Amino acid sequence: MDKTDYVFGANILENLTTGMYQDSKVIYREYIQNSCDQIDKAVKDGILKPGEGTIKIWLDRDQRTIVIEDNATGIPAASFQRALGNIADSDKKIGEDKGFRGIGRLCGLAYCKELVFESCAIGEDTVSTMLCDAKKMRGLIEENQRGKKHTANEVLHAINRFEHKKTNNSDSHFFRVKLIDINPENTDLLDLQRVKDYLSFVAPVPYQNSFYYRSEVYKHAQDLGVRLDEYNITLDGETVLKKYATILKDSVGNKYDDIFDVHFKDFYSADKELFAWMWVGLSKFQKAIPKINQMRGLRLRKENIQIGGEDSLQKLFKEDRGNSYFVGEVFAVNKDLIPNSQRDYFNENMARSDFERELRKYFNEELHKIYYDGSAINSAYKKIDTFEKKEAEFKEKETEGSFVNKGHRDSELNVVLRSKKDAQDAQVRIEKLKDKANDLMQKVIDRIEHERPNPVIKGTDPTDKTNPPKDKLGRRTDRLSQYSRSERKLISKIFSIILTSTDSETAERIISRIEEGLQ
């Protein structure tokens, strides 16, 4: 029988630390995930009452230090070294715990000079500490890559040190992670606003009060009989909340739309088992939501922890832009939907295939119709508004005698008539979309029409307007009465040349400036 000992080289540690994640901020997710599991266990074991668990994060930019601490079970001194020293040997269970691979705690080694774990279990008088020399680890890995070989076991023995100290507080129970001397290239980990923005969508926390529809989301989860995991997490003493809101802003920060309702969709397997559910915000769908809105996109979550980023589900839309029209969350429920090691998507299996098939169908039938037809109706109404504006401007010019000559008037009238034809076609388009609208699409249409400044009255044609020409056309140069007839005629010719040399908007600006100078 082959008794060969298999060697795991030091490079395996690089794959589990510096090579594991693209975004350094995932360290917060990994350590929060572990704390959440221990809080759940502490509640189950009676150490904590529901709601008593806390996860506190402190950033010290001056000392370049991060501390993450929970008040959960802690780790007994007798099992501390085994629990933290062993790699990928977790006692957690797939489908029950949020973490289960036993590798997430290593992620901090990539971003600091020293990684420290401290813990105390309830009823014990010992604080156990594990100190990891992260800088030394990276040096040994570099040596390994240059040909001086080290095994993973040798590296771990070289960088890990364990200590135990007595404490007088036997009621204390905690687990604390310290990242000491954050690498210069990872200063973003100490950026309070960036970390807050990250946690506000990744972490399993409650919705902020300004999200009007949070109670509806909670009620739907309750009706389904599913648990929406939420934890008390603070960052430098400030409570972390999900930053969903009802206002949508344009690229410069001004409101252009809002979420006026939420819609729910539940996904069931062939044997009637719930495997996912979601909520999606309804707006007027005027355009793809600008990136300034951090909440944009349908976010994928498992155990209420975000999987990947805002674009994790983008590939399930037939158009890449589809996901950016929406705000919402998809909660995966099926225990066989297992996050991969990077936690940016699910492991490939039959459950994932069923999940993708059902979501793709819903996204590309129901949701695609909503944003596509919603966008089309908004565009159609813009054409009607454009005509009404052009018609009003034409009438104002005619009343004020702002046309340079008959040719100028005829040119402007043709623009109005073309715009009127576009508006008439747009009205036909709107009526067709209304005729085929389902209940969900009708909600969007009703909202669009309700918020229009001049809502269209059913049964009337808002474009049925005429512009009868005057018997005698007033000339623009009539305003310049201080000039002789021949001078006004020359000025009129100049105005005509300007009109034929550039676009109407530019011509109007130039002519107006000339008029100001001639007054």
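Provided above is the structure to which this section pertains.
Criteria and cut-off values
Residues numbered from 1 in each chain as written. Predicted model: local features only at pLDDT ≥ 70, side-chain atom pairs only at ≥ 80, totals over all residues. Heavy atoms only, no water. Helix = DSSP H or I, 4+ residues; strand = E, 2+ residues; numbered from the N terminus. Buried < 20%, exposed > 50% of the residue type's maximum accessible area, 1.4 Å probe, protein only. Contact = heavy atoms within 4.5 Å. Areas by Shrake-Rupley, 256 points an atom, 1.4 Å probe, with all protein chains shown as cover. Core = buried A, V, L, I, M, F, W, Y, C linked by side-chain atoms within 4.5 Å. Polar contact = N/O pair within 3.5 Å; in protein donor to acceptor, adjacent residues only side chain to side chain. Salt bridge = Lys/Arg side-chain N within 4 Å of Asp/Glu carboxyl O. Disulfide = S-S within 2.5 Å. Pairing = 2+ DSSP bridges. Axes fitted to C-alpha atoms, helices over the stretch in contact; angles between N-to-C directions. Phe/Tyr/Trp six-rings, centres within 6.5 Å; stacked < 30°, edge-to-face > 60°. Lys NZ or Arg CZ within 6 Å of the ring centre and 35° of its normal.

Visitor: What is the right way to read the overall build of the protein from this model?
Guide: On a plain count of helices and strands, the protein comes out with twelve helices and 15 strands. Burial statistics for the protein: of 519 residues in total, 47% are counted as buried. Counted over contacts in the protein with a minimum sequence separation of 6, partners at least 24 positions apart contribute 74%. Surface exposure of the protein reaches about 26800 Å², of which carbon and sulfur atoms provide 47%.

Visitor: What is the right way to read the nonpolar core from this model?
Guide: Grouped together as the largest cluster of nonpolar side chains are 51 residues, with contacts concentrated most on Tyr-28, Ile-66 and Phe-117. The biggest single contributor to this core is helix 2 (residues 26-44), with eight residues. Every residue in contact with Ile-66, bar those within four places of it in the chain, is listed here: Ile-27, Tyr-28, Trp-58, Leu-59, Val-177, Lys-178, Leu-179, Ile-182, Leu-189 and Leu-190. One finds Leu-298, Leu-300, Tyr-325 and Phe-346 within the second-largest nonpolar core, a separate group that totals 48 residues.

Visitor: What should I look at first to understand helix 6 (residues 192-202) in this one?
Guide: Because each turn of an α-helix spans 3.6 residues, side chains separated by three or four positions end up pointing in the same direction. Counting buried residues along helix 6, eight of its eleven residues qualify, which places the element largely inside the surrounding structure. All of the buried residues in helix 6 are Val-195, Lys-196, Asp-197, Tyr-198, Leu-199, Ser-200, Phe-201 and Val-202. On its buried face, helix 6 sits against helix 2, strand 1 (54-60), strand 7 (232-235), strand 8 (238-239), strand 13 (297-302) and strand 14 (305-307). Capping of helix 6 at its N-terminal end is provided by Asp-191; its side-chain oxygen lies 3.2 Å from the backbone amide nitrogen of Gln-193.

Visitor: Explanation requested: the pattern of salt bridges in the structure shown.
Guide: Close approach of charged atoms allows side chains of opposite charge to pair. This structure, assessed with the given rule, holds 39 salt bridges. The closest approach of N and O atoms between Glu-69 and Arg-176, which form a salt bridge, is 2.8 Å. Of this pair, Glu-69 sits in strand 2 (residues 65-70) while Arg-176 sits in strand 6 (residues 174-182), and the two are 107 residues apart along the sequence. In this structure Glu-69 comes out as partly exposed when scored by relative accessible area, which is 21%. Here Lys-113 ties to Asp-181 by a salt bridge, and the two come within 3.2 Å at their closest N and O atoms. Pair noted here: Lys-113 is in strand 3 (residues 112-120) and Asp-181 is in strand 6, with a separation of 68 residues, a long-range link. When its relative accessible area of 36% is taken as the criterion, Lys-113 is described as partly exposed. The partly exposed category is assigned to Asp-181, whose relative accessible area is 28%.

Visitor: Would you mind going over the state of the cysteines with me for this structure?
Guide: Structurally, a disulfide amounts to a covalent bond that connects the sulfur atoms of two cysteines. Going through the model one piece at a time under the given rule, you end up with zero disulfides. For Cys-107, which is in no disulfide, the shortest distance to another cysteine sulfur is to Cys-112 and amounts to 9.4 Å. Cys-132 forms no disulfide, and the closest cysteine sulfur to it belongs to Cys-112, at a distance of 8.7 Å.

Visitor: I would appreciate a short explanation of the sheet that holds strand 1 in the present structure.
Guide: Remark on secondary structure: sheet strands pair via backbone hydrogen bonds, oriented parallel or antiparallel. Pairing within the open sheet is mixed, and its eight strands lie in the order 5-4-3-6-2-1-7-8. The outermost strands of the open sheet, each flanked by one partner alone, are strand 5 (160-166) and strand 8. Where strand 2 meets strand 6, six bridges bridge the pair, whose relative direction is antiparallel. Of the residues in strand 6, the one forming a bridge with Ile-66 is Leu-179. The strands touched by helix 3 (residues 77-85) within the sheet are strand 3, strand 4 (126-133), strand 5 and strand 6, with strand 4 carrying the most contacts at an inclination of about 20°.

Visitor: I tried to follow the packing of aromatic side chains on my own but got confused; where do I start?
Guide: The relation between two aromatic rings is expressed through the spacing of the ring centres and the mutual angle of the planes. Scanning all chains against the criterion turns up 23 aromatic pairs. Ring centres 5.7 Å apart and planes at 35° place the aromatic pair Tyr-345 and Phe-346 in the tilted group. Here Tyr-345 matches Phe-346 in class, with each residue buried. Here Lys-265 stacks its cationic end above the ring of Phe-267, 5.9 Å away from the centre of that ring.

Visitor: I tried to follow the sheet that holds strand 11 (residues 261-268) on my own but got confused; where do I start?
Guide: Taken together, the five strands give an open sheet; going across it, the order is 11-12-15-13-14, and neighbouring strands pair in mixed fashion. The open sheet has two free edges, formed respectively by strand 11 and strand 14, since each of these has just one partner strand. Adjacent strand axes in the sheet meet at a mean angle of 30°, parallel and antiparallel pairs treated alike. Pairing geometry for strand 13 and strand 14, over three bridges, is antiparallel. Bridge pairing in strand 14 links Leu-300 to Ile-307.

Visitor: How do you make sense of the pairing of strand 2 when you look at a structure like this?
Guide: Regular strands show a simple pattern: their side chains alternate between the two faces of the sheet. Burial within strand 2 is extensive, with five of its six residues counted as buried. Here strand 1 runs beside strand 2; their pairing, made up of six bridges, is antiparallel. Of the residues in strand 2, the one forming a bridge with Leu-59 is Ile-66.

Visitor: Quick question: what am I supposed to make of the side chain of Glu-398 here?
Guide: Here Glu-398 is to be found in helix 8 (residues 350-400). Of the polar contacts made by the side chain of Glu-398, one reaches the side chain of Arg-409; its length is 2.7 Å.

Visitor: Explanation requested: unusual backbone geometry in the structure shown.
Guide: Residues other than glycine predominantly adopt negative phi, and peptide bonds predominantly adopt the trans conformation. The backbone of Arg-64 sits at a positive phi, close to 55°, despite the residue not being glycine. For Arg-64, the location among the structural elements is in the loop between strand 1 and strand 2. Residues other than glycine seldom take positive phi values, yet Asn-304 does so here, at roughly 65°. Position of Asn-304 relative to the elements: it lies in the loop between strand 13 and strand 14.

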